[in-house]
Structures are given as structure tokens and as C-alpha cells.
Amino acid sequence: MTSAAPFACAPLLKIIARGAKGARALSADETRTLFDAILADRVPPAELGGVLIAYRIKGETPVELRAMLDAAHATFVPLAAPADASPPVVLPSYNGARKQPNLTPLLALLLARDGIPVLVHGQHHSGANRVGTQAIFAELGHPACHSATEAEVALSTRRVAYLPIAALSPALERLLEMRASLGVRNSGHTVVKLLQPFAGPALRLVNFTHPEYRETLSELFADAASSPAPGVLLARGTEGEPVADARRQSAIEGFSDGAYRLWQSAEEGATGIPPALPSADAAATARWIEAVLAGEIPVPAPVARQVEVIRQALGLPE
């Protein structure tokens, strides 16, 4: 806890902690006030745990998510994007992969090769038995940046940067680390996947794993203020990662200034399976990605299509 006065959560807990059926949503102002206090470390541990578990059970409404996101954005200074390139692409990478190879670095490097700046943000760890993006990037010669300034330089010179959330917003890192105490993810894990870390326009890739989140996120991004151009691409995640599933073509939906577009329909059946990789071996995944970038192995069709959609959403020539 900081030296600031503790924030009393009891009145708000009475609203959100009445179970899945009895709980009600907070207003935008109430949610913003609560999450400002959480991110400022002003909520006592017991009450913080109560709030996070209450939201885990109740779920967040679009209004609450928007207010949580506003509070999160207030914890860091936005990055400057390269002036000599298209708007950057933002890839949130917080899950890692367990059953499939983690191909988020491949997506980032394919885009960077086309001159598109790509910021990948995440945590230094992805949980037990998961292959984290930071470890794969390190194997590929792209070590994690230690500050926002370092990330800005990497975007200008190499067009790709991996920035740990701890370097961007220690307050958000602290909230994510509550998982170790509570045993489950919390609202912070949803909010970090919605971040717009740049001062100017950026294209965000937002993924979901549970169908009900698609409905909530679609309602959120249908508000023009939540999806400023070039907007957001929304798709089912690959074990929680933003890269397309290499085995099958999933739907890709988009929102830009609130306007909806279906960029890619889902297709039935497999579209090809990449070579098997050790599920916990970052080095093997990195070597496979290098082979793809060298043209020795074809880019999985769904990932290639994802690159095409990103280029189109950015208004770049095909």
C-alpha cells in the first residue's frame, strides 16, 4: 500500500459482490474511481481480493470495461509511433502457448518485414508449461525493451519491439500479479488486451477465448470512442495469443470509429498443421520461425491471411 489514504470499497462491493445473478454493474464514474484507486495501490488487500473475485463472477459490462481502460491508460505516458511509417499494430501477448507453437513473434516479424511498426506487450512469464513470447523473441535476437523510450527506438530502427507491461505500467503489472495470490485471472488481464499504448492512431488486435467476451467486446467497440481509426481487429485467440490459429481459419471482425466489418469468415475444417514443436521449447519455436521467414517453410495460410487483413485495415496496398 502507498502512503495515500486507503480507498473504502465496501459501498461498491455491496453492488458487485452479490453473485452472478444478484450483482449489478457500476456506473462509469464509479468504476473509474474504483480502478483509479486500485491502480494507485490505495485498496487494502482484503478488499482488493473481494473486488477482483466479484468481477470474476459477475463479469464486466462494456461501460465498466471502458472506465477500467481509461484508468489503465492514465497510468503511463503514451508512446510516439515512427513518423515515417503506417500506424503501428499492437499485439497483446499475455498467455503464451501450451499445446501449439506460439507464433505471435512470427506474426510480428512478418508485419515488420513489410515495414509496419509492431509493438508487442506482455509479461516476462506466461505461467507454468507455457511458451512465452518474450522468451521466443530473445531467441530471435529481439530482447525485451527496458523502457518506453527504448521501445520507440526499436520501432523506428527495427519496426518491432517487445515491451513488458512492467516497463510500460508498473501499476498494471502489479494488478496482473494478483493472480498469484488469487489463483485466477482478474479484470486486469482483460484490460491489458485492450490497451492503446500510442499517442496517435494504432491498429489493435484483440482476442477472446470465451464466446460471451466476443459479445461484450463487440458492444464496447461499437462505440466510436472505443475504436478510433484504424480501429480494432477482433478474433478468437490461439490459446489466448493474438496470432491466428495455424490449423484453421477463424473469423476476423473489425471495428473502426464504431463501424463494423467482417474481414474474414470462419472456415470449417483444418487448413494445414505446422510441424510439431516441443510445447515448452522457445528455441525450437524460434528456429522454426526463422525457417518460415527465410522461405524454407510456408507461412501457415491463416497467418498469411491475418497479415493481409491487417494491411487492408491499415489502408496499405495489397
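These numbers were taken from a predicted model, which means no experiment stands behind them.

Chemist: Requested: an account of the overall build of the protein chain, with residues and values cited.
Modeler: A count of helical and extended segments in the protein chain gives 15 helices and seven strands. Over its C-alpha trace the protein chain gives a radius of gyration of 19 Å, about what one expects of a compact globule, namely 20 Å for 318 residues. Overall, the protein chain is about 60 × 40 × 35 Å in size when its C-alpha atoms are taken along their principal axes. Residues classed as buried in the protein chain amount to 53% of the 318 residues present. Pairs at least 24 residues apart make up 73% of the contacts formed inside the protein chain by residues separated by at least 6 positions. Of the roughly 13400 Å² that the protein chain leaves accessible, carbon and sulfur atoms contribute 55%. Positive and negative side-chain charges in the protein chain, numbering 28 and 31 respectively, have mean positions lying 5 Å apart.

Chemist: Describe in detail unusual backbone geometry, supporting the description with residues and values.
Modeler: Pro230 follows Ala229 through a cis peptide bond whose omega is 5°. As for its position among the elements, Pro230 is in the loop between helix H13 (211-221) and strand E5 (232-236). The backbone of Arg159 sits at a positive phi, close to 65°, despite the residue not being glycine. Here Arg159 falls in the buried class, since its relative accessible area comes to 14%. Positioned with a positive phi, Glu239 is a non-glycine residue whose angle comes to about 55°. By the secondary structure assignment, Glu239 is in the loop between E5 and strand E6 (252-256).

Chemist: Kindly report on helix H3 (residues 28-39), identifying the contributing residues and their values.
Modeler: The end-to-end C-alpha distance of H3, which contains 12 residues, comes to 16 Å, matching closely the 16 Å that a straight helix rising 1.5 Å per residue would cover. Against helix H1 (10-16), helix H4 (45-58), helix H5 (62-73), helix H10 (170-176) and helix H12 (187-191) lie the buried residues of H3. The positive-phi residue at the C-terminal boundary of H3 is Asp41, with phi of around 60°.

Chemist: Describe the nonpolar core, with residues and values.
Modeler: Judged by nonpolar contacts, the single largest core of 55 residues is most densely connected at Leu34, Leu195 and Leu217. Apart from residues lying up to four places away in sequence, Leu34 is in contact with Phe7, Cys9, Leu12, Leu26, Val51 and Tyr55. With 39 residues, the next largest nonpolar core counts Leu103, Leu107, Ile116 and Ala144 among its residues.

Chemist: Which residues make up the UniProt feature "domain: Glycosyl transferase family 3 N-terminal" (unreviewed entry) in the protein chain, and what values do they have?
Modeler: As recorded in UniProt, the feature "domain: Glycosyl transferase family 3 N-terminal" (unreviewed entry) lies at residues 14-72. Taken as a whole, residues 14-72 contains 75% helix and 0% strand, while its terminal C-alpha atoms sit 24 Å from one another.

Chemist: Can you lay out helix H6 (residues 104-113) for me, pointing to particular residues and giving the numbers?
Modeler: With nine of 10 residues buried, H6 is to be regarded as a mostly interior element. Here H6 has its buried residues at Thr104, Pro105, Leu106, Leu107, Ala108, Leu109, Leu110, Leu111 and Ala112. In the stretch just after H6, Gly115 is the one whose phi turns positive, near 85°.

Chemist: Lay out the pairing of E5 with the relevant residues and their values.
Modeler: Among the five residues that make up E5, four are buried, leaving the element largely enclosed by the rest of the structure. As judged from the five bridges shared by strand E4 (residues 203-208) and E5, these two strands associate in the parallel manner. Considered in E5, the bridge of Asn207 is made with Ala235. The handedness of the E4 to E5 crossover, carried by H13, is right-handed.

Chemist: I'd like a description of the domain arrangement of the protein chain, backed by residues and values.
Modeler: Entries for the protein chain in the domain assignment read domain 1 (9-59) and domain 2 (89-314). Computed over C-alpha atoms, the centres of domain 1 and domain 2 are 28 Å apart. Of the residues lining the interface, 11 residues belong to domain 1; the matching set on domain 2 comes to 10 residues. Summed over the three residues of domain 1 that lose the most area to domain 2, namely Leu39, Leu52 and Arg56, the buried surface amounts to 54% of that side. Inspection of the region where domain 1 meets domain 2 yields zero salt bridges. Applying the counting criterion to the domain 1 and domain 2 interface returns two residue pairs in polar contact (both at pLDDT 80 or more). Elements supplying a minimum of two residues to the side of domain 1 that touches domain 2: H3 and H4. In terms of residues, the side of domain 1 that touches domain 2 owes the most to one element, H4, which gives six residues.

Chemist: Report on the packing of aromatic side chains, specifying residues and quantitative values.
Modeler: A complete count under the given rule lists four aromatic pairs for this structure. Seen in terms of ring centroids, Phe35 and Tyr55 are 6.1 Å apart; in terms of plane orientation they differ by 65°. Their pairing is edge-to-face. Highlighted residues: Phe35 in helix H3 and Tyr55 in helix H4, separated in sequence by 20 residues. The residues Phe35 and Tyr55 share a single accessibility class, namely buried. Both rings, one in Phe137 and one in Tyr162, keep their centres 6.0 Å apart while their planes meet at 50°; by these two values the pair is tilted. Taken as a pair, Phe137 in helix H7 (residues 133-139) and Tyr162 in strand E3 (residues 160-164) lie far apart in primary sequence, 25 residues in all. When sorted by exposure, Phe137 lands in the same class as Tyr162, which is buried. Through a chain of ring-to-ring contacts, the aromatic side chains of Phe221, Phe255 and Tyr260 assemble into a single cluster. Its guanidinium or amino end placed over the ring of Trp263, Arg261 lies 3.7 Å from that ring's centre, counting from NZ or CZ.

What counts and what doesn't
Residues numbered from 1 in each chain as written. Predicted model: local features only at pLDDT ≥ 70, side-chain atom pairs only at ≥ 80, totals over all residues. Heavy atoms only, no water. Helix = DSSP H or I, 4+ residues; strand = E, 2+ residues; numbered from the N terminus. Rg over C-alpha atoms; globule rule 2.2 N^0.38 Å. Buried < 20%, exposed > 50% of the residue type's maximum accessible area, 1.4 Å probe, protein only. Contact = heavy atoms within 4.5 Å. Areas by Shrake-Rupley, 256 points an atom, 1.4 Å probe, with all protein chains shown as cover. Lys, Arg positive; Asp, Glu negative; His and termini not counted. Charge placed at Lys NZ, Arg CZ, Asp CG, Glu CD. Expected span 1.5 Å × (residues − 1). Core = buried A, V, L, I, M, F, W, Y, C linked by side-chain atoms within 4.5 Å. UniProt positions renumbered as here; feature names shortened; annotations may be inferred. Pairing = 2+ DSSP bridges. Right-handed = clockwise from strand over helix to strand, strands pointing away. Domains from an automatic or database assignment. Buried area = accessible area lost by both parts, 1.4 Å probe. Salt bridge = Lys/Arg side-chain N within 4 Å of Asp/Glu carboxyl O. Polar contact = N/O pair within 3.5 Å; in protein donor to acceptor, adjacent residues only side chain to side chain. Phe/Tyr/Trp six-rings, centres within 6.5 Å; stacked < 30°, edge-to-face > 60°. Lys NZ or Arg CZ within 6 Å of the ring centre and 35° of its normal.

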